[in-house]
Structure formats: C-alpha cells, structure tokens
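Listed below are the residues making up each chain.
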Amino acid sequence: QVQLVDSGGGLVQAGGSLRLSCVVSGLSFSPYALGWFRQAPGKEREFVSAINWNGGSTNYADSVKGRFTISRDNAKNTVYLQMNNLKPEDTAVYYCAADLAFARVGSDPRRYDYWGQGTQVTVSS
C-alpha cells in the first residue's frame, strides 16, 4: 500500500521560512518522481515544484523560483521543500505527490499517481 505523509506546515510571518517534508512508503522497489502542489481556498490546485527520481532534474513554478528549493533523500524515502522569504500569497494547503514516470518533472497534477494528505501553510503579513 502506497502512502505519502506530508508535514512541516505552520504559521509564519512574511519573510520567514518553513521546510516541508513528505515520507513515502510502499514504493521501495520502484523509482518515482516527486512533486509539490498547493491549493488556496477557492482556487485550483497549482504546481509548485518537482524533482526526478535521482534528484538530477528539478522544476519550479515561476512564482517560487529563487525562494523555494526541492530536494530528496532516497535513503529516507523523503522529499523536502525548503521555503524561504515566504509571502502571504504562499498561504495554501501543500500536497506532495508521486509520479511513477520517474524521469518526469511534470507540472500537471493529473500525471501524478499518489498524493499526500496535505499540510497547511499560513503566511501572515
């Protein structure tokens, strides 16, 4: 059974930092890409960042480039999203997702096969 458990969200002031984590279980014998998406109230889920199976390729939404960094530790089956210089418009529920097309760093949520439960990030002004 595949399970993604994301954590690390919280309340932070504008300009602050948070690091999200997502632990993946049930895919130990399959390579996979990982992505982060977010959804604010009343808005569609949007792409934030993605990383391929070995960390050699990454992709970022323009809105987070230069502020967010995605990384993964395959020994720990974990993906991270380091978020710096947070802005109020970053407020959303953040979801990690796994894509069995392991070389892809896609931005289309329909391409992802498994999802975490989400973690709330709130940035106050």
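Relevant structure appears above.
The following refers to the structure shown. Fair warning: this is a prediction, and the values are worked out from it, not measured in the lab.

Thoughts on the environment of Ser-25
Next, step 1: Within the secondary structure, Ser-25 sits in strand β3 (residues 18-25).
Next, step 2: A residue is classified by how much of its surface remains accessible, and Ser-25, at 32% relative accessible area, is partly exposed.
Next, step 3: In sequence terms Ser-25 and Leu-4 are 21 residues apart; their C-alpha atoms lie 6.5 Å from each other.
Next, step 4: Excluding anything up to four places from it in sequence, Ser-25 contacts Gln-1, Val-2 and Gln-3.

A closer look at the nonpolar core
Next, step 1: The biggest cluster of nonpolar side chains holds 34 residues, and the ones touching the most others in it are Trp-36, Phe-68, Leu-81, Met-83 and Tyr-94.
Next, step 2: At five residues, the largest contribution of residues to this core is made by strand β9 (residues 92-99).

A look at the sheet that holds strand β7 (residues 68-73)
Next, step 1: Sheet architecture is open: four strands sit in the order β1-β3-β8-β7, paired in antiparallel fashion. Only two strands of the sheet have a single partner each, and these edge strands are β1 (3-7) and β7. Adjacent strand axes in the sheet meet at a mean angle of 15 degrees, parallel and antiparallel pairs treated alike.
Next, step 2: Across six bridges, β7 lies against strand β8 (residues 78-83) in antiparallel orientation. Bridged to Thr-69 within β8 is Gln-82.

Here's the deal with the side chain of Asn-52
Next, step 1: Along the polypeptide, Asn-52 turns up in the loop between β5 (46-51) and β6 (58-60).
Next, step 2: At a separation of 3.1 Å, a polar atom in the side chain of Asn-52 contacts the side chain of Asn-54.
Next, step 3: Among residues more than four places away in sequence, those in contact with Asn-52 are Tyr-32, Ala-33, Ser-57, Arg-72, Phe-102, Ala-103, Arg-104 and Val-105.

Criteria and cut-off values
- Residues numbered from 1 in each chain as written.
- Predicted model: local features only at pLDDT ≥ 70, side-chain atom pairs only at ≥ 80, totals over all residues.
- Heavy atoms only, no water.
- Helix = DSSP H or I, 4+ residues; strand = E, 2+ residues; numbered from the N terminus.
- Buried < 20%, exposed > 50% of the residue type's maximum accessible area, 1.4 Å probe, protein only.
- Contact = heavy atoms within 4.5 Å.
- Core = buried A, V, L, I, M, F, W, Y, C linked by side-chain atoms within 4.5 Å.
- Pairing = 2+ DSSP bridges.
- Axes fitted to C-alpha atoms, helices over the stretch in contact; angles between N-to-C directions.
- Polar contact = N/O pair within 3.5 Å; in protein donor to acceptor, adjacent residues only side chain to side chain.

Function-wise, these values are silent; they only describe arrangement.
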